[in-house]
Amino acid sequence: MELDLTPKLPKQVYGGDGGSYFAWCPEELPMLKEGNIGAAKLALEQYGFAVPRYSDSPKVAYVLQGSGTAGIVLPEKEEKVIAIKKGDSIAIPFGVVTWWFNSEATDLEILFLGETHKAHKAGQFTDFYLTGSNGIFTGFSTEFVGRAWDLDETTVKTLVGSQTGKGIVKLGEDFKMPQPKAEDRDGFVINCLEAPLDVDIKDGGRVVVLNTKNLPLVGEVGFGADLVQIDGHSMCSPGFSCDSALQVTYIVGGSGRVQVVGADGKRVLETHITAGSLFIVPRFFVVSKIADPEGMSWFSIVTTPDPIFTHLAGRTSVWKALSPEVLQAAFNVDPEVEKSFRSKRTSDAIFFPPSN
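None of the values given here were measured: they were computed from a predicted structure.

**Some details on the nonpolar core**
Working step 1: In terms of nonpolar packing, the biggest core is built from 86 residues, with L42, I84, W100, I110, L278, I280 and F299 touching the most fellow members.
Working step 2: The element that contributes the greatest number of residues to this core is strand β21 (residues 286-302), accounting for six residues.
Working step 3: Mapped onto the domain boundaries, this core takes at least three residues apiece from domain 1 (11-132 + 167-185) and domain 2 (192-352).
Working step 4: Leaving out residues up to four positions away in the same chain, L42 has contacts with S20, Y21, A50, W100, L108, E109, I110, F112 and I168.

**Some words on the pairing of β21**
Working step 1: The element β21 is extensively covered by neighbouring structure, given that 13 of its 17 residues are classed as buried.
Working step 2: Here seven bridges tie strand β16 (residues 224-230) to β21, and the two strands are oriented antiparallel to one another. If you follow G224 over to β21, its bridge partner there is V302.
Working step 3: Where strand β18 (residues 247-261) meets β21, 13 bridges bridge the pair, whose relative direction is antiparallel. When the bridges of β21 are listed, Q247 appears paired with V302.

**Re the pattern of salt bridges**
Working step 1: One pass over the full model with this rule turns up 11 salt bridges.
Working step 2: Taking the shortest distance from any N to any O, the salt bridge between R53 and D127 comes out at 3.9 Å. One end of the pair, R53, is in strand β4 (residues 48-55); the other, D127, is in strand β11 (residues 127-129), and 74 residues separate them in sequence.
Working step 3: With relative accessibility at 5%, the residue R53 sits in the buried group.
Working step 4: Across the pair E338 and R342 runs a salt bridge whose closest N-O atoms are separated by 2.7 Å. Within this pair, E338 and its partner R342 are both found in helix α7 (residues 335-343), separated by four residues, close to a single helical turn.

**Section: the UniProt feature "domain: Cupin type-1" (unreviewed entry) in the chain**
Working step 1: UniProt tags residues 3-157 and 195-339 as "domain: Cupin type-1" (unreviewed entry).
Working step 2: From the first C-alpha to the last, residues 3-157 spans 51 Å; its make-up is 12% helix and 44% strand.

**A closer look at the sheet that holds strand β1 (residues 11-16)**
Working step 1: On the basis of which strands lie adjacent, the open sheet formed by seven strands has the order β1-β2-β3-β10-β5-β8-β13 and antiparallel pairing. Each of the sheet's edge strands pairs with one partner strand only, and the pair in question is β1 and β13 (189-191). Each adjacent strand pair in this sheet contributes to an overall mean axis angle of 20°, direction not counted.
Working step 2: Judged from the four bridges that link them, strand β5 (residues 59-65) and strand β8 (residues 88-92) form a sheet pairing that is antiparallel. Residue V60 lies in a different strand from β8, and its bridge partner there is A91.

**Observations regarding the packing of helix α6 (residues 324-331) against α7**
Working step 1: Their axes nearest at 9 Å, the elements α6 and α7 cross at an angle of 110°. Accordingly, the angle class assigned to the pair α6 and α7 is roughly perpendicular. The hand of the α6/α7 crossing is right-handed. In this structure, α6 contributes P324, L327, Q328 and F331 to the contact, and α7 contributes P335, E338, F341 and R342.
Working step 2: Among the residues making up the contact of α6 with α7, the classes are represented as five nonpolar, one polar and two charged.

**So, the side chain of S237**
Working step 1: By the element assignment, S237 lies in strand β17 (residues 235-241).
Working step 2: Each residue touching S237, except ones within four places of it in the same chain, is listed here: V287, S288, H311, L312, A313, I350 and F352.

**Looking at the pairing of β5**
Across a regular strand the side chains alternate sides, sitting on one face of the sheet and then on the other.
Working step 1: Burial within β5 is extensive, with six of its seven residues counted as buried.
Working step 2: Relative to strand β10 (residues 108-115), β5 is paired through six bridges, and the arrangement is antiparallel. Residue Y62 lies in a different strand from β10, and its bridge partner there is L111.

**Focus: the domain arrangement of the chain**
Working step 1: The assigned domain composition of the chain is domain 1 (11-132 + 167-185) and domain 2 (192-352).
Working step 2: For domain 1 and domain 2, the distance between their C-alpha centroids amounts to 28 Å.
Working step 3: Contacts between the two partners involve 24 residues from domain 1, matched on the other side by 23 residues from domain 2.
Working step 4: Here domain 1 packs against domain 2, burying approximately 2100 Å² in sum over the two surfaces, 78% of which is carbon and sulfur.

**Structural notes on the side chain of D184**
Working step 1: Here D184 shows up in the loop between β12 (168-170) and β13.
Working step 2: Under the relative-accessibility criterion, D184 is labelled buried at 8%.
Working step 3: The residues touching D184, leaving out its near neighbours within four places in the chain, are E79, K80, V81 and I82.

Procedures and definitions
- Residues numbered from 1 in each chain as written.
- Predicted model: local features only at pLDDT ≥ 70, side-chain atom pairs only at ≥ 80, totals over all residues.
- Heavy atoms only, no water.
- Core = buried A, V, L, I, M, F, W, Y, C linked by side-chain atoms within 4.5 Å.
- Buried < 20%, exposed > 50% of the residue type's maximum accessible area, 1.4 Å probe, protein only.
- Helix = DSSP H or I, 4+ residues; strand = E, 2+ residues; numbered from the N terminus.
- Domains from an automatic or database assignment.
- Contact = heavy atoms within 4.5 Å.
- Pairing = 2+ DSSP bridges.
- Salt bridge = Lys/Arg side-chain N within 4 Å of Asp/Glu carboxyl O.
- UniProt positions renumbered as here; feature names shortened; annotations may be inferred.
- Axes fitted to C-alpha atoms, helices over the stretch in contact; angles between N-to-C directions.
- Parallel < 35°, antiparallel > 145°, perpendicular 65-115°, else oblique.
- Left-handed = near helix turned anticlockwise from the far one by under 90°.
- Nonpolar A, V, L, I, M, F, W, Y, C, P; charged D, E, K, R; others polar.
- Buried area = accessible area lost by both parts, 1.4 Å probe.

Listed below in structure tokens is the structure:
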């Protein structure tokens, strides 16, 4: 069966006055189910409130646009109220309750990428809502809820039945939500647009990697992530994950071309990619990208906490490590051609600006 790696856009799952929730569907993007990957996006309008919920999957959240407030409650811990803005990334392990609120005129958009190995449905997140018309306690009898909360029947019915919204609601302009605390960001959030760069190539590109060192909760979600920005016409070196990880890539901004090559030298994807699309690179497949004139940026997760990549161009590539004789024999070329090949791309760069 041939792999369909075609980049896809998400579809709306639900929404209303306060905003919408979108998800990528395993039926349209088969690699989601194949790789046990989930992908979704939350878009909150002004005063939109995503009610408290938890998920059956660990995730990494990335703020694509806007600013707002997030509430995070780890199991048996106090609530953290965090101010979030564009570029923020948050690791969300199993069992964590979250809520999201936007008080600003600009829409707040948040991307969620994660693994679904233990999820109810492969390739798809299932959220469990604490309140609302589909909240957990709407399924329990009044007797059970009353016993659990030590409340009378009338109060139980008021608490469980008053919120008729589903997942996302719009709050009144004068409603006061809890104020974020600056210290609550520590250990929970890293801003990929402000963090120290792991790679910085002049006129080429920049990378910020999320791992257990700069965001400890990455260890609990079980996979790493990165934000990559490449300049106009620049190329991202062909490479692959050498620790059997999948690469899940969301195009944050700009556009460009991508090629993916699999076993037997077969090109399995060649397409033009634009902002908002998502695609998945299978294990050990080699991927490379070239940006259009305006440049391109993408946010990716790699299904291991501290990923290792092998690049097939540049000074640190495997070509430079192999002996000249091996390259001559492997390519079936004379020493002059091998020497010319080896003399190129002598820097550590993984991004290559256009040739002058």
